[in-house]
Amino acid sequence: MNRRYHGICHMQMHIGRMQHRIIEARVRRLGIHPSQHILLMHLSQMGRFPSQAQIAEELDVSPASVARTLKRLETGGYIERCGSDVDGRRNEIAISKKGEAMVRRSREIFDRLEAATFENFSDAELDCLEALLGKVMANLRRMEQDGGNAGEEEMRSI
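What comes next is a walk through the structure. Given the structure is predicted, the values throughout are model-derived calculations rather than measurements. (Residues numbered from 1 in each chain as written. Predicted model: local features only at pLDDT ≥ 70, side-chain atom pairs only at ≥ 80, totals over all residues. Heavy atoms only, no water.)

What to know about the overall build of the protein chain
Then comes step 1: Along the backbone of the protein chain there are 7 helices and 2 strands.
Then comes step 2: Listed by position from the N terminus, the elements making up the protein chain come as α-α-α-α-β-β-α-α-α.
Then comes step 3: Each of the 158 residues in the protein chain was classed as buried or not, and the buried ones make up 20%.
Then comes step 4: A sequence separation of at least 24 residues applies to 45% of the contacts in the protein chain between residues at least 6 apart.
Then comes step 5: Of the roughly 11800 Å² that the protein chain leaves accessible, carbon and sulfur atoms contribute 54%. (Helix = DSSP H or I, 4+ residues; strand = E, 2+ residues; numbered from the N terminus. Buried < 20%, exposed > 50% of the residue type's maximum accessible area, 1.4 Å probe, protein only. Contact = heavy atoms within 4.5 Å. Areas by Shrake-Rupley, 256 points an atom, 1.4 Å probe, with all protein chains shown as cover.)

Some points on the packing of helix α2 (residues 34-46) against helix α3 (residues 52-59)
Then comes step 1: It is the contact of α2 with α3, at a shortest axis distance of 12 Å, that shows an interaxial angle of 105°. For the element pair α2 / α3, the angle class is roughly perpendicular. Between α2 and α3, the contacting residues are I38, L39, H42, L43 and M46 on the first element and I55, E58 and L59 on the second.
Then comes step 2: Classifying every residue of the contact of α2 with α3 gives 6 nonpolar, 1 polar and 1 charged. (Axes fitted to C-alpha atoms, helices over the stretch in contact; angles between N-to-C directions. Parallel < 35°, antiparallel > 145°, perpendicular 65-115°, else oblique. Nonpolar A, V, L, I, M, F, W, Y, C, P; charged D, E, K, R; others polar.)

Overview of the packing of aromatic side chains
Then comes step 1: Across all of its chains, the model carries 1 aromatic pair by this definition.
Then comes step 2: Above the ring of Y78, the side-chain terminus of K98 is found at 4.7 Å from the ring centroid. (Phe/Tyr/Trp six-rings, centres within 6.5 Å; stacked < 30°, edge-to-face > 60°. Lys NZ or Arg CZ within 6 Å of the ring centre and 35° of its normal.)

Written out as C-alpha coordinates, the structure is:
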(Lines give C-alpha, C1' and ligand atoms only; values in the text may rest on other atoms or scores of the structure.)
Protein backbone atom coordinates (compact mmCIF):
# COMPACT_ATOMS: atom_id res chain seq x y z
CA MET A 1 0.00 0.00 0.00
CA ASN A 2 1.28 3.43 -0.91
CA ARG A 3 0.74 5.43 2.30
CA ARG A 4 0.89 8.72 0.44
CA TYR A 5 -1.89 7.70 -1.97
CA HIS A 6 -3.91 6.35 0.93
CA GLY A 7 -3.54 9.59 2.88
CA ILE A 8 -4.54 11.73 -0.08
CA CYS A 9 -7.58 9.53 -0.85
CA HIS A 10 -8.60 9.67 2.81
CA MET A 11 -8.37 13.49 2.78
CA GLN A 12 -10.40 13.65 -0.43
CA MET A 13 -13.20 11.48 1.00
CA HIS A 14 -13.13 13.34 4.30
CA ILE A 15 -13.45 16.72 2.54
CA GLY A 16 -16.54 15.47 0.66
CA ARG A 17 -18.13 14.20 3.87
CA MET A 18 -17.37 17.45 5.70
CA GLN A 19 -18.94 19.55 2.94
CA HIS A 20 -21.96 17.25 2.90
CA ARG A 21 -22.45 17.56 6.68
CA ILE A 22 -22.12 21.35 6.59
CA ILE A 23 -24.61 21.73 3.74
CA GLU A 24 -27.06 19.24 5.26
CA ALA A 25 -27.03 21.04 8.63
CA ARG A 26 -27.69 24.41 7.00
CA VAL A 27 -30.39 23.00 4.72
CA ARG A 28 -32.20 21.44 7.69
CA ARG A 29 -32.26 24.89 9.33
CA LEU A 30 -34.14 26.14 6.27
CA GLY A 31 -36.93 23.69 7.13
CA ILE A 32 -36.62 21.31 4.21
CA HIS A 33 -35.50 17.67 4.21
CA PRO A 34 -32.15 17.13 2.45
CA SER A 35 -33.62 14.73 -0.14
CA GLN A 36 -36.29 17.30 -1.01
CA HIS A 37 -33.62 19.96 -1.22
CA ILE A 38 -31.50 17.89 -3.63
CA LEU A 39 -34.47 17.34 -5.92
CA LEU A 40 -35.58 20.99 -5.77
CA MET A 41 -32.07 22.21 -6.61
CA HIS A 42 -31.85 19.67 -9.43
CA LEU A 43 -35.14 20.90 -10.87
CA SER A 44 -33.98 24.52 -10.62
CA GLN A 45 -30.92 23.76 -12.72
CA MET A 46 -32.75 21.85 -15.43
CA GLY A 47 -34.56 24.62 -17.28
CA ARG A 48 -37.06 21.97 -18.34
CA PHE A 49 -38.77 19.37 -16.24
CA PRO A 50 -38.23 15.80 -17.36
CA SER A 51 -40.27 12.76 -16.45
CA GLN A 52 -39.98 11.18 -13.02
CA ALA A 53 -38.12 8.25 -14.62
CA GLN A 54 -35.58 10.64 -16.16
CA ILE A 55 -35.11 12.44 -12.84
CA ALA A 56 -34.60 9.10 -11.10
CA GLU A 57 -31.95 8.12 -13.62
CA GLU A 58 -30.14 11.45 -13.39
CA LEU A 59 -30.10 11.38 -9.57
CA ASP A 60 -29.45 7.62 -9.40
CA VAL A 61 -32.49 6.93 -7.20
CA SER A 62 -35.65 4.89 -7.70
CA PRO A 63 -38.65 6.35 -9.57
CA ALA A 64 -40.75 5.63 -6.46
CA SER A 65 -38.38 7.76 -4.38
CA VAL A 66 -38.70 10.61 -6.87
CA ALA A 67 -42.50 10.32 -6.79
CA ARG A 68 -42.56 10.46 -2.96
CA THR A 69 -40.18 13.40 -2.84
CA LEU A 70 -42.12 15.34 -5.49
CA LYS A 71 -45.31 14.74 -3.50
CA ARG A 72 -43.63 16.10 -0.35
CA LEU A 73 -42.32 19.12 -2.27
CA GLU A 74 -45.83 19.74 -3.57
CA THR A 75 -47.37 19.35 -0.11
CA GLY A 76 -44.74 21.76 1.27
CA GLY A 77 -45.63 24.30 -1.39
CA TYR A 78 -42.21 24.20 -3.12
CA ILE A 79 -43.54 22.95 -6.47
CA GLU A 80 -46.84 23.00 -8.34
CA ARG A 81 -48.17 20.45 -10.80
CA CYS A 82 -50.58 20.95 -13.65
CA GLY A 83 -51.69 18.83 -16.57
CA SER A 84 -49.55 18.91 -19.69
CA ASP A 85 -50.93 20.62 -22.78
CA VAL A 86 -48.97 18.17 -24.95
CA ASP A 87 -49.56 14.88 -23.12
CA GLY A 88 -52.70 14.55 -20.99
CA ARG A 89 -51.17 11.58 -19.12
CA ARG A 90 -48.30 13.67 -17.83
CA ASN A 91 -48.10 16.39 -15.19
CA GLU A 92 -45.92 19.44 -15.71
CA ILE A 93 -43.90 20.55 -12.70
CA ALA A 94 -43.16 24.18 -11.88
CA ILE A 95 -41.19 25.60 -8.98
CA SER A 96 -43.46 27.82 -6.88
CA LYS A 97 -42.56 31.23 -5.44
CA LYS A 98 -41.80 29.50 -2.13
CA GLY A 99 -39.59 27.02 -3.98
CA GLU A 100 -37.78 29.81 -5.83
CA ALA A 101 -37.11 31.54 -2.50
CA MET A 102 -35.67 28.28 -1.13
CA VAL A 103 -33.43 27.93 -4.20
CA ARG A 104 -32.12 31.50 -3.72
CA ARG A 105 -31.40 30.91 -0.02
CA SER A 106 -29.71 27.61 -0.85
CA ARG A 107 -27.48 29.20 -3.48
CA GLU A 108 -26.39 31.73 -0.85
CA ILE A 109 -25.42 28.84 1.44
CA PHE A 110 -23.43 27.18 -1.36
CA ASP A 111 -21.73 30.47 -2.27
CA ARG A 112 -20.66 31.04 1.35
CA LEU A 113 -19.41 27.45 1.72
CA GLU A 114 -17.42 27.66 -1.52
CA ALA A 115 -15.91 31.02 -0.54
CA ALA A 116 -14.94 29.71 2.90
CA THR A 117 -13.55 26.48 1.44
CA PHE A 118 -11.15 28.32 -0.83
CA GLU A 119 -10.38 31.27 1.42
CA ASN A 120 -6.71 32.33 1.18
CA PHE A 121 -6.15 30.41 -2.09
CA SER A 122 -4.46 32.36 -4.86
CA ASP A 123 -5.72 32.14 -8.44
CA ALA A 124 -2.62 30.10 -9.30
CA GLU A 125 -3.34 27.65 -6.47
CA LEU A 126 -6.97 27.29 -7.59
CA ASP A 127 -5.82 26.69 -11.18
CA CYS A 128 -3.38 24.03 -9.99
CA LEU A 129 -5.96 22.34 -7.73
CA GLU A 130 -8.53 22.35 -10.52
CA ALA A 131 -6.05 20.76 -12.94
CA LEU A 132 -4.98 18.11 -10.43
CA LEU A 133 -8.55 17.19 -9.50
CA GLY A 134 -9.35 17.00 -13.22
CA LYS A 135 -6.59 14.40 -13.58
CA VAL A 136 -7.97 12.42 -10.62
CA MET A 137 -11.45 12.48 -12.17
CA ALA A 138 -10.09 11.37 -15.55
CA ASN A 139 -8.26 8.45 -13.91
CA LEU A 140 -11.38 7.38 -12.04
CA ARG A 141 -13.54 7.72 -15.17
CA ARG A 142 -11.14 5.43 -17.04
CA MET A 143 -11.39 2.91 -14.22
CA GLU A 144 -15.17 3.19 -14.21
CA GLN A 145 -15.37 2.72 -17.98
CA ASP A 146 -13.07 -0.26 -17.67
CA GLY A 147 -15.72 -1.82 -15.43
CA GLY A 148 -13.62 -1.17 -12.35
CA ASN A 149 -10.95 -3.57 -13.61
CA ALA A 150 -8.10 -1.07 -13.76
CA GLY A 151 -5.29 -2.23 -11.50
CA GLU A 152 -6.32 -5.89 -11.74
CA GLU A 153 -2.85 -6.91 -12.98
CA GLU A 154 -1.29 -5.37 -9.91
CA MET A 155 -3.81 -7.14 -7.68
CA ARG A 156 -3.09 -10.56 -9.22
CA SER A 157 0.63 -10.19 -8.53
CA ILE A 158 0.03 -9.74 -4.80
